[in-house]
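Structural overview
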Amino acid sequence: MENAVSVSQLVKNFVLKKRAGMRWTESEVKAVDGITLSIEKGQSVAFIGPNGAGKSTTIKMLTGILHPTSGEANVLGCVPWKERTRLAKRIGVVFGQRSQLWYHLPPRDTFELLSKIYEIKQDVFKSRRDMLIERFQLSEFLDTPVRKLSLGQRMRAEVACSLLHGPEVIFLDEPTIGLDVIARQELRDLISEWNRENGVTVFLTSHDAGDIQHVARRVIVINHGRVVLDDRVSRVRRQYLREKVLSVKYADTPESISLDGVKTLKESGHAFKFEVDTLAVPIEKVMSEIMRIGSVVDITIEDPPLEEVIAHIYSAPPSEFGEDAADDDDADENESKS
Amino acid sequence: MSKYFYIALTSIRSRLAYLGELGSKTIFLFVVLYIFLCLWKVTYAETNQSSLGGLSLKQMLWYLVVTESIIMSLPTIATLVDQDVRTGALAMQLVRPMSYPLNMLAQTSGERVLSFALNFLVGSIIALTFVGPLDFNISGIAMFLLLIPLSFALDFTIYFLIGLAAFWLEDTTGLTLIYSRMTMILGGMLIPLELFPDGWQQILRVLPFSAIVYGPARVFVTGDLQVFLSVLIQQIVAILVFAFVIRIVYNLALRRVFSHGG
Amino acid sequence: MSWLTSYANLASAYIKINFKSLLAYRGAFISQMVAMFINDFVWIAFWCLFFTRFPVVKGWGVNDVITLWAIAASGFGLAHMIMGNALALPGIIMRGELDSWLLYPRAVLPHLLLGKSSASSWGDFLFGIVVYVIFVKPDLPHFTLLMALICSVAVLFVGFSVFTGSLAFFMGSAESVSTQLRIAMITFSTYPSPIFQGFVKILLFTLLPAMFVSHLPVSALRNMSMIDALYSFGGALGVLFAGIIMFYVGLRRYESGNLMEMRG
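Analysis parameters
Residues numbered from 1 in each chain as written. Chains lettered and ligands numbered in written order. Predicted model: local features only at pLDDT ≥ 70, side-chain atom pairs only at ≥ 80, totals over all residues. Heavy atoms only, no water. Helix = DSSP H or I, 4+ residues; strand = E, 2+ residues; numbered from the N terminus. Buried < 20%, exposed > 50% of the residue type's maximum accessible area, 1.4 Å probe, protein only. Contact = heavy atoms within 4.5 Å. Areas by Shrake-Rupley, 256 points an atom, 1.4 Å probe, with all protein chains shown as cover. Lys, Arg positive; Asp, Glu negative; His and termini not counted. Charge placed at Lys NZ, Arg CZ, Asp CG, Glu CD. Phe/Tyr/Trp six-rings, centres within 6.5 Å; stacked < 30°, edge-to-face > 60°. Lys NZ or Arg CZ within 6 Å of the ring centre and 35° of its normal. Salt bridge = Lys/Arg side-chain N within 4 Å of Asp/Glu carboxyl O. Polar contact = N/O pair within 3.5 Å; in protein donor to acceptor, adjacent residues only side chain to side chain. Nonpolar A, V, L, I, M, F, W, Y, C, P; charged D, E, K, R; others polar. Pairing = 2+ DSSP bridges. Axes fitted to C-alpha atoms, helices over the stretch in contact; angles between N-to-C directions. pLDDT = per-residue confidence, 0-100. Expected span 1.5 Å × (residues − 1). Right-handed = clockwise from strand over helix to strand, strands pointing away.

Moving on to the overall build of chain C. If you tally the helices and strands in chain C, you get 13 helices and zero strands. Listing the helices and strands of chain C from first to last along the sequence gives α-α-α-α-α-α-α-α-α-α-α-α-α. Seen along its three principal axes, the alpha-carbon backbone of chain C occupies a region of about 60 × 45 × 35 Å. Within chain C, the proportion of its 264 residues that are buried is 57%. Considering only contacts within chain C whose residues lie at least 6 apart along the sequence, 76% involve residues at least 24 apart. Summed over its atoms, the accessible surface of chain C is roughly 10,500 Å², and 72% of this surface lies on carbon and sulfur atoms. Counting 15 positive and 10 negative side-chain charges, chain C places the centres of these two groups 2 Å from one another.

Applying the stated criterion across every chain yields a total of 50 aromatic pairs over all chains. Taken together, a centroid distance of 5.8 Å and an interplanar angle of 40° make the contact between B:Tyr179 and B:Phe209 tilted. Note that B:Tyr179 is positioned in helix H8 (residues 173-186) and B:Phe209 in helix H10 (residues 208-212), a separation of 30 residues in sequence. The exposure class of B:Tyr179 is buried, given its relative accessible area of 7%. Residues C:Trp47 and C:Tyr191 carry aromatic rings whose centres are separated by 5.6 Å and whose planes lie at 70° to one another, so their mutual orientation is edge-to-face. Here C:Tyr191 lies in the loop between helix H9 (174-189) and helix H10 (198-203) and C:Trp47 lies in helix H2 (residues 26-53), a separation of 144 residues in the sequence. The class of C:Trp47 is buried, set by a relative accessible area of 1%. Residue C:Tyr191 is classed as buried on the basis of its relative accessible area of 4%. Taken together, the aromatic side chains of B:Phe36, B:Trp40, B:Tyr44, C:Trp43, C:Phe46, C:Trp47, C:Phe50, C:Phe51, C:Phe54, C:Trp69 and C:Tyr191 make up a single cluster linked through ring pairs. Over the ring of A:Phe14 we find A:Lys12, and its NZ or CZ is 5.4 Å from the ring centre. In this arrangement the basic side chain of C:Arg106 is found over the ring face of C:Tyr7, its NZ or CZ atom lying 4.8 Å from the centre.

Bringing the interface of chain C and chain A into the picture now. Often, the extent of an interface is quoted as the loss of accessible area upon association of its parts. Facing the 31 residues of chain C at the interface are 33 residues of chain A. Note that A:Glu119 and C:Arg106 form a salt bridge whose closest N and O atoms lie 3.8 Å from each other. Counting across the interface, chain C meets chain A through 15 residue pairs in polar contact (both at pLDDT 80 or more). Elements represented by at least two residues in the side of chain C that touches chain A include exactly helix H1 (2-23), helix H5 (98-102), helix H6 (108-114) and helix H13 (226-255) of chain C. Residue contributions to the side of chain C that touches chain A peak at nine residues, all from H1(C). Split into classes, the residues belonging to the side of chain C that touches chain A amount to 15 nonpolar, 10 polar and six charged.

Moving on: helix H1 (residues 55-62) of chain A. All names here are of chain A. Most of H1 is tucked away, with seven of its eight residues classed as buried. Here H1 has its buried residues at Lys55, Thr57, Thr58, Ile59, Lys60, Met61 and Leu62. Count one or two residues on from H1 and you reach Gly64, which has phi positive near 90°.

This part is about the interface of chain C and chain B. Opposite the 25 residues of chain C that make contact, chain B presents 25 residues. On the surface where chain C and chain B come into contact, there are zero salt bridges. At the boundary of chain C and chain B, one finds two residue pairs in polar contact (both at pLDDT 80 or more). Counting only elements with at least two residues in the side of chain C that touches chain B, the list comes to H2 and H9 of chain C. If you tally residues by element for the side of chain C that touches chain B, the top one is H2(C), at 12 residues. The residue inventory of the side of chain C that touches chain B, partitioned by class, reads 19 nonpolar, four polar and two charged.

The next point concerns the arrangement of the chains. Inter-chain contacts occur across two pairs of chains; the most extensive set of contacts lies between chains A and C. Regarding chain A and chain B, which are not in contact, the minimum distance between any of their C-alpha atoms is 19 Å.

A word on the side chain of C:Ser214. Within the fold, C:Ser214 resides in helix H11 (residues 211-214). Among residues more than four places away in sequence, those in contact with C:Ser214 are C:Trp60, C:Leu68, C:Phe188, C:Ser189, C:Tyr191 and C:Ser193.

This part covers the sheet that holds strand S11 (residues 262-268) of chain A. Residues and elements named next belong to chain A. In spatial order, the strands read S11-S12-S10-S13; together these four strands make up an open sheet with antiparallel pairing. Since the sheet does not close on itself, it has two edges, and those belong to S11 and strand S13 (296-302), each with one partner. This sheet shows a mean twist of 20° between the axes of neighbouring strands, independent of strand direction. Lying on the sheet, helix H9 (residues 283-292) is in contact with strand S10 (243-250), S11, strand S12 (271-277) and S13; it crosses S10 at an angle near 15°.

Let us now look at the confidence of the model for chain A. All names here are of chain A. Per-chain confidence: chain A averages 85 in pLDDT, with 90% of residues scoring 70 or above. Per-residue pLDDT, averaged within each element of chain A, yields its smallest value for helix H11 (residues 329-337) (43) and its largest for helix H3 (residues 107-117) (97). Below a pLDDT of 50 lies the segment residues 317-338, which in the model reaches 26 contacts outside its immediate sequence neighbourhood of four places, other chains included.

This part covers helix H6 (residues 181-198) of chain A. Residue and element names in this part refer to chain A. In this model H6 runs 25 Å from its N-terminal to its C-terminal C-alpha over 18 residues, within 8% of the 26 Å that 1.5 Å per residue would give. Those residues of H6 not exposed but buried are Ala183, Leu187, Arg188, Leu190, Ile191, Ser192, Trp194 and Asn195. Tucked into the core, H6 has its buried residues touching strand S3 (44-48), helix H4 (122-135), helix H5 (151-163), strand S6 (169-173), strand S7 (201-205) and helix H7 (209-215). Of the residues that open H6, the one with a side-chain oxygen 3.0 Å from the backbone nitrogen of Ile182 is Asp180. Of the residues flanking the end of H6, it is Gly199, one or two places downstream, whose phi is positive at about 65°.

Residue and element names in this part refer to chain A. The buried fraction of S6 is high, at four of five residues. Pairing analysis gives four bridges linking strand S5 (residues 91-94) to S6, with the strands arranged parallel. Residue Gly92 lies in a different strand from S6, and its bridge partner there is Ile170. Read from S6 through H6 to S7, the crossover connection turns out right-handed.

All right, on to the sheet that holds S3(A) then. All names here are of chain A. Read across the open sheet, the six strands follow the order S5-S6-S7-S3-S8-S9; overall the sheet is mixed. Either end of the sheet is taken by a strand with one partner, and the two such strands are S5 and strand S9 (226-232). Taking each pair of neighbouring strands and ignoring which way they run, the sheet shows an average axis angle of 15°. One ladder, built from six bridges, connects strand S8 (residues 218-223) with S9; its direction is antiparallel. In the sheet register, Asn223 faces S9, and the bridge partner there is Arg226. Taken strand by strand, H5 contacts S5 and S6, and its axis lies near 160° from that of S5. Docked against the sheet, helix H8 (residues 233-240) engages S8 and S9, running at close to 100° with respect to S9.

What follows is the structure, given as structure tokens:
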């Protein structure tokens, strides 16, 4: 199968000039220090790492904004920084700081502008636009000025904008940040649906472990400009994302909980913090047990923070991970859907 | 009294931090003064006169230095008052009527004086380079030093009034714009009153604009006693009139604030 | 050729959406236009007063100055009505907003310039034409030539704004420097050209090309001189090319990531 993206030993150094009084000191910063990866067409990849890890720099090189210091990259058969405009027609981008939607006008006007920017034929544009409106449920606010929309509505419209010209690869940078739980899930569903049904390759960066689990099938962790982990989400999940943290507050002292896979992390008065191994015990069972042992006043369910997950990755032996092997895809697909 | 002086001083000190603006003022003044030098040089030559409107070429350029310095030193009085009206800060002060205008005057005067001084310094250096020093006369300078603070005070009262219009108008920037442009044209920023069409001169000597801009500049370059006296009277009368209007408007505003519940 | 139609279509799409966006705040739009009108009118008032007292200066009368203002104001207005981002270029470069424009399948410069329309520029544009028609009362040939010269001056102003704005690729304080240069350019462009002699005159034909706004177009209209009109167009194109080159040289530097500060 052809690769949508292939990167080989990509390096990007910046020269950082600092002023100390009257003198200038130059230091070289290795933002990207030899990244090699390849992504097949139709894959859905999460590209994660702490701030300053080199994520945005890599994406900028893949989208043609930045020229690398050395190394090669190929996106859909184009060298991004050499064939920027040709590639731009075939990729879609949703970057956090950048909003394509015109703030004082309804999304409909931005759609029309985009059809002119990308020179989409009118009939193609209309049918694709109407399909996006239907699938993303935009009709209720299509004619409302963007400044009046909620963040969730805006993000749906933004993602729809990035798909209007029928790209084969989309780059999404923190698309769910700031969204409430429902909006977040809606957006995740839309993106993964688009990936599955339209075969669009998805390249997603996020700080949210939930994004990774629900949208991506593969995760690449990058730190200090290098790839430190490149594996299927299901496997990473098995290792690091299996735990959920439940914070429960009871009306009075509950009975003690004794369930395999549930560990009590903290206890203070009527407030408890449980750690649940979702692969050892189904969450449904845990929930009913929690309700059974006492009268629940408040409950919060959280994924472990990504920083913790990444820190955990470093402490695990390196022989556990390697390049993605194209085996047992069906089994993993079933697992990641749960 | 000392309280207001302190406010003025603090305002000056904070403006000193904005010395970076000096560069842009310099370039602008340089361009304007240079261009007018060219224009007047040509005009004096073509009309074969050494004195136009009672001013020599040298005096004409120095006249411009003063008028530009006055115009360019304008602080955002109306905007400040407008904001205070809308945020309700002014309403809170209405119980002690005199402190707010005096506060505002002290605050903006510090700014204005410093700004004027800087503009004047820069403009003088440029004028010295272009046409050389003016034939200084002490009386002219003295008259100028007397008229300038009154000019600023008068300008202040009018802008203050415009700011008060915020009680009734949605937006006072239109009024501010119109008044500032009228000051430029009818105040004789670019041409002294003597060169206006005859019919105009009579009217303009009554209107406040020339008392703010033309007056101080004219006496600075010629030390003309007649001009000085008429401008002085013009300024004093205008200040009294506008101060009176402010009082009335203030009371109206007070009534409006209390009837609307503050 | 198809490149031309492609970008003409892009331009009309942007003009349409920019206008719509400005209309969304009709009140502010109109008041900004009116404010510019008043600002510009002050100068016409000044010149009328001046020329009442001094009817002819170096062969220029009040009609000539009004012609000059019509060309300069409408030219500046047209330039920034359509390519309003020319004024915002230094800020766009320094805030890394170029990246957004680089993601589109379009040549960066024309696309980003079209991205915004300056509301007050519409006032400038209308002012010049209105004042010319009312004061000079032109016949059709003169009016047509006026429109052509307005387009020429618009091209020049875009080129100049791009040139000075592109300084942001090379220096940190480009925003204030380019504002100063722009103010100087506009100021020099709105005074009768014959008053400038010698070294300054040369300067105004080269580094600060105000003569291509104040001298050549006005004399072209005065004498219906096609030569002067051609010189005006030539000068405008020259400034435009200088701006384009400056921008793309800077862009090369930007894309290699060697800007003064590292972008996030």
